[in-house]
Amino acid sequence: YLRGFDGTSSLINMILSSFQDMKNFMIIMALVTYSFSFCLYLLRDVNDPDTQNGWSGFTNSFKSNYTIILGETQAPDTFIGDWVWLIFMVYTLFNVIVMLNLLISFMSDTFDRVKETSMKAKNYERAR
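My aim in this report is to walk through the structure given alongside it, one point at a time. Given the structure is predicted, the values throughout are model-derived calculations rather than measurements.

Considerations on the pattern of salt bridges
The tally for this structure, following the rule as stated, stands at 1 salt bridge. D21 is paired through a salt bridge with R113; the nearest N and O atoms lie 3.1 Å apart. With a gap of 92 residues between them, D21 in helix α1 (residues 6-42) and R113 in helix α3 (residues 83-116) connect regions that are remote in the sequence. Classification of R113 as partly exposed rests on a relative accessible area of 39%.

In structure tokens:
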């Protein structure tokens, strides 16, 4: 509905194009988050009575890893061994820095592509 107006037509096209471009990226991001969640879930200390800090079950582990992507970190104090911290740091560095910067570059490319064709797309949407 908002595609026919001058002020919103390019924004709607940009949003729709962004979702189309992010589809494959989101699949990879979900798989990486799932993989690290499973790995960190398996490496937790099951004998620790205080495992209710977000890493106790796989679903909670996945939720905790998802919140790490959003910027809220929980220190995994229920892991066995110091090398598990290395896995945790690799996950946070990879997902937060590498993957989100990749997402920003995808969005920038989409913005440039939509901006180049915005006048043609605006006239097309008006005629439709």
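Digging into the environment of K115
With respect to the helices, strands and loops of the structure, K115 is situated in helix α3. Between the alpha carbons of K115 and L11 there is a distance of 9.4 Å; along the sequence they are 104 residues apart.

What to know about the nonpolar core
Membership of the largest hydrophobic core comes to 14 residues, with the highest contact counts inside it found for F25, M29, F36, L40 and Y91. Put simply, the parts of the chain that give this core at least two residues each are α1, α2 (58-69) and α3. Aside from chain neighbours lying at most four places away, what touches Y91 is V32, T33, F36, N65, Y66, I68, I69 and V96.

Re the packing of aromatic side chains
Tallied over the full model, the rule gives 2 aromatic pairs. Judged by centre distance (5.9 Å) and plane angle (75 degrees), the rings of F25 and F106 are edge-to-face. Highlighted residues: F25 in helix α1 and F106 in helix α3, separated in sequence by 81 residues. What makes F106 partly exposed here is its relative accessible area of 30%.

Thoughts on the packing of α2 against α3
The description of two helices packed together rests on the angle between their axes and the distance between the axes. In the contact formed by α2 and α3, the axes pass within 9 Å of each other and the chain directions differ by 45 degrees. The orientation of α2 with respect to α3, classified from their angle, is oblique. Here the hand of the crossing between α2 and α3 comes out right-handed. The residues of α3 that touch α2, namely those facing N65, Y66, I68 and I69, are F88, Y91, T92, N95, V96 and L100. For the contact of α2 with α3, the class distribution of residues is 7 nonpolar, 3 polar and no charged.

Digging into α3
Between its first and last C-alpha, α3 extends 49 Å over 34 residues, near the 50 Å set by a 1.5 Å rise per residue. At F94, α3 shows its largest kink, close to 25 degrees.

A few points about the side chain of N95
Take N95: it is sitting in helix α3. Reaching out from N95, the side chain makes a polar contact with the side chain of T33 at a distance of 3.3 Å. Apart from the residues within four sequence positions on either side, N95 is in contact with M29, V32, T33, I69 and L100.

What counts, and at which threshold
Residues numbered from 1 in each chain as written. Predicted model: local features only at pLDDT ≥ 70, side-chain atom pairs only at ≥ 80, totals over all residues. Heavy atoms only, no water. Salt bridge = Lys/Arg side-chain N within 4 Å of Asp/Glu carboxyl O. Helix = DSSP H or I, 4+ residues; strand = E, 2+ residues; numbered from the N terminus. Buried < 20%, exposed > 50% of the residue type's maximum accessible area, 1.4 Å probe, protein only. Core = buried A, V, L, I, M, F, W, Y, C linked by side-chain atoms within 4.5 Å. Contact = heavy atoms within 4.5 Å. Phe/Tyr/Trp six-rings, centres within 6.5 Å; stacked < 30°, edge-to-face > 60°. Axes fitted to C-alpha atoms, helices over the stretch in contact; angles between N-to-C directions. Parallel < 35°, antiparallel > 145°, perpendicular 65-115°, else oblique. Left-handed = near helix turned anticlockwise from the far one by under 90°. Nonpolar A, V, L, I, M, F, W, Y, C, P; charged D, E, K, R; others polar. Expected span 1.5 Å × (residues − 1). Bend = angle between axes of the 7 residues up to and from the residue. Polar contact = N/O pair within 3.5 Å; in protein donor to acceptor, adjacent residues only side chain to side chain.

None of this, on its own, says anything about what the molecule does.
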